[in-house]
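The lines below spell out each chain.
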Amino acid sequence: MKLDTPATDWCDDDITAIGDELLDDEMEGPLNEDFAPWVDTASDSSDNDDELDGPPVGETPRWPQTTVSSTETERLSMLLLDDWDPVPFEHEEPSSQGLLRLEDDLRDLFTNPLTGVYIEPVAVGRFHVVVVGPSGTPYEGGFFHFLMQCPKDYPMRPPRVRLMNTDDGSVSFNPNLYKSGKVCLDILGTSDTLAWSPAHSISSVVVSIQSLLTKKPHFNEANWISELRPEDCGSYSRIVQHETIRVAVCDAIDACLNGCSLCPGYLQGVMLEHFMAHYEKYEKVVESNLYLTGADMMDPLFFETYGRGQYQYESLLVKLRKMKAQVEDLMKALHVGEQ
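Values in this document were obtained by computation on a predicted structure and should not be read as measured data.

About the cut-offs
- Here the residue numbers are simple positions, counted from 1 along each chain's written sequence.
- The model is predicted, so local features are restricted to residues of pLDDT at least 70 and side-chain atom pairs to those at 80 or more, both for listing and for counting; the totals for chains, interfaces and linings are taken over all residues.
- To get the side-chain values, take all heavy atoms of the structure and skip hydrogens and water.
- With a 1.4 Å probe rolled over the protein chains alone, any residue whose accessible area is under 20% of its type maximum counts as buried; one over 50% counts as exposed, and the rest are partly exposed.
- Only runs of H or I of at least four residues qualify as helices and only runs of E of at least two qualify as strands under DSSP, and these elements are numbered from the N terminus.
- Whether two residues are in contact is decided by their heavy atoms, any of which lying within 4.5 Å being enough.
- Should DSSP find at least two bridges between two strands, the strands are taken to pair.
- Angular values range over 0 to 180 degrees, each being the angle between N-to-C directions of two axes fitted as lines to C-alpha atoms, with helices fitted over their stretch in contact.
- One number per residue, pLDDT, summarises how confident the predictor is, and it ranges from 0 to 100.
- A carboxyl oxygen of Asp or Glu within 4 Å of a side-chain nitrogen of Lys or Arg is what we treat as a salt bridge.
- To estimate the expected span of a helix, count its residues, drop one, and scale the result by 1.5 Å.
- Polar contacts, as counted here, are pairs of nitrogen or oxygen atoms within 3.5 Å of one another; within protein the pair requires one atom able to donate a hydrogen and one able to accept it, and residues that are adjacent in sequence qualify only if both atoms are side-chain atoms.

Participant: Whenever I open this one, helix 4 (residues 202-210) confuses me. Can you help?
Facilitator: Because each turn of an α-helix spans 3.6 residues, side chains separated by three or four positions end up pointing in the same direction. Burial in helix 4 covers these residues: I202, S203, V205, V206, S208 and I209. The inward-facing, buried residues of helix 4 abut helix 3 (96-111), strand 1 (117-123), strand 2 (126-132), strand 3 (143-149) and strand 4 (160-163).

What follows is the structure, encoded as structure tokens:
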């Protein structure tokens, strides 16, 4: 659906396409149905137990073609590359046996979705994941975007994973989530040990990532925790909360509205809908911290090497309210276009 006259000058075709999904009576589940194209989601699951065991005999699952634009590829190619990084392995695909295993993994995620996890594939063995920060943590409501790529010898080796929204490599949300986008986890082999085994799955990786987004993220830094004072722990959590609102909420939604998000369309729709549904919580967090505006963010974990800048809550409040109005206008325009 395309509007003859967009309601605002930022409502382009790409955003219109995103909005089409927002107006569905029901949002898609945590997994895009392209993940399990052999599953008949319109039928009662109790009548299709046999079908859920795998794709129909003789049929190949309809893996989507790569939808990454040339502009996105250029932006991705500018990022720091390394062996853990999925970016330079865009054309690598799992073996035929690896694909069978990956199909099982994704079918499991489709039938047993994880709370706050949304996934969309863009190519064979390559997919984007958005993890919504859990309630009661400094990460609450943040949209943490990960790119995953399964190597050709998957599941003998773990998938490559990168955190994509780090404000151009300037923000670390956690001692295990580096500014470079590297995710430091034993299960990925990106720490001092490798805890991966073929018994693990994509779900195992996502659950491990979720485990980092805790109420007390400083506990992930074992080398520093014994030296931290109680007030230092609170300081670190306040910094994480600010950066979550600034980067994982405001920047993420702004990118969706302006057509420069690295997330595929389905995930952009999920984020826009979630943003509107939980907007009051975002505004409450910002308003309660306005007194910090202009104060230096003193990082007790990396204060010698990592300058955090200053709290920007006043400008974040202005940005939040502006984006809320933009999304509301978008939804109204799309509703009129549907009539």
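Resuming the write-up.
Participant: So what exactly am I meant to see when it comes to the sheet that holds strand 3 here?
Facilitator: Paired through their backbone hydrogen bonds, the strands of a sheet run either parallel or antiparallel. If you trace the four strands from one edge of the open sheet to the other, you get 1-2-3-4, paired in antiparallel fashion. Both edges of this open sheet fall to strand 1 and strand 4, since each of them pairs with a single strand only. Across the sheet, the mean angle separating the axes of adjacent strands is 20° when strand polarity is ignored. Note that strand 3 and strand 4 share four bridges and pair antiparallel. Across the sheet, residue F146 finds its bridge partner in strand 4, namely L163.

Participant: How do you make sense of the confidence of the model for the protein chain when you look at a structure like this?
Facilitator: Any region with low pLDDT has predicted coordinates that should not be read closely. Averaged over all residues, the pLDDT of the protein chain equals 78, while 69% of them reach at least 70. Overall, residues 74-81 carries pLDDT values under 50, and its contacts beyond four positions in sequence, including any with other chains, amount to 17 contacts.

Participant: Would you explain the pairing of strand 3 in this entry?
Facilitator: A regular strand carries its side chains on alternate faces of the sheet. Burial analysis of strand 3 places seven of its seven residues in the buried class, the great majority of the element. Going residue by residue along strand 3, you find F143, H145, L147 and Q149 tucked away on one face and F144, F146 and M148 tucked away on the opposite face as well. Of the pairings in the sheet, the one linking strand 2 to strand 3 comprises seven bridges and is antiparallel in character. The residue bridging V130 from the neighbouring strand is H145, located in strand 3.

Participant: Is there a simple way to think about the pairing of strand 1 in this case?
Facilitator: Across the seven residues of strand 1, seven count as buried, placing the element largely inside the fold. Hairpin remark: strand 1 followed by strand 2, antiparallel, with two residues in the connecting loop; positive phi at G125, about 75°.

Participant: Help me out: how do you make sense of the pattern of salt bridges in this one?
Facilitator: Two side chains of opposite charge can pair, provided their charged atoms sit close to one another. Evaluation of the coordinates by the stated rule reveals 13 salt bridges. With a shortest N-O distance of 2.8 Å, E92 and R160 are connected by a salt bridge. Of this pair, E92 sits in the loop between helix 2 (70-77) and helix 3 while R160 is found in strand 4, placing the two residues 68 residues apart along the sequence. Across the pair R157 and D153 runs a salt bridge, and its minimum N-O distance is 3.0 Å. The partly exposed category is assigned to R157, whose relative accessible area is 30%. Under the relative-accessibility criterion, D153 is labelled partly exposed at 30%. When salt bridges that share partners are traced, they join D83, E92 and R160 into one network.

Participant: Could you clarify how one ought to interpret unusual backbone geometry in this entry?
Facilitator: Most peptide bonds are trans, and most residues other than glycine sit at a negative phi. In this model, Y154 is joined to P155 through a cis peptide bond whose omega is 10°. Mapped onto the elements, P155 comes out in the loop between strand 3 and strand 4. Phi angles above zero are rare outside glycine, and D168 is one such case at about 55°.

Participant: Whenever I open this one, the environment of G181 confuses me. Can you help?
Facilitator: Secondary-structure assignment places G181 in the loop between strand 4 and helix 4. Expressed as a C-alpha distance, the spacing of G181 and V161, which sit 20 residues apart in the sequence, is 8.4 Å. Apart from the residues within four sequence positions on either side, G181 is in contact with W84, V161, R162, L163 and T166.

Participant: Help me out: how do you make sense of helix 3 in this one?
Facilitator: Between its first and last C-alpha atoms helix 3 spans 23 Å; for 16 residues at 1.5 Å apiece the expected length is 22 Å, and the two agree. All of the buried residues along helix 3 are G98, L99, R101, L102, E103, D105, L106, R107, L109 and F110. Looking at the buried positions of helix 3, the neighbouring elements they touch are strand 1, strand 2 and helix 4.

Participant: What should I look at first to understand the side chain of S172 in this one?
Facilitator: With respect to the helices, strands and loops of the structure, S172 is situated in the loop between strand 4 and helix 4. At a separation of 2.9 Å, a polar atom in the side chain of S172 contacts the main-chain carbonyl oxygen of N174.

Participant: What am I meant to see in the environment of S191 here?
Facilitator: Locating S191 in the fold gives a position in the loop between strand 4 and helix 4. A sequence separation of 15 residues divides S191 from N176, and the C-alpha atoms of the two residues are 9.0 Å apart.

Participant: Looking at this structure, how should I read the environment of S203?
Facilitator: Structurally, S203 is set in helix 4. Owing to a relative accessible area of 13%, S203 belongs among the buried residues under this scheme. Taking C-alpha positions, S203 is 7.0 Å from D105, a pair spaced 98 residues apart along the chain. Discounting residues that sit within four places of it in the chain, S203 has contacts with D108, L109 and L114.

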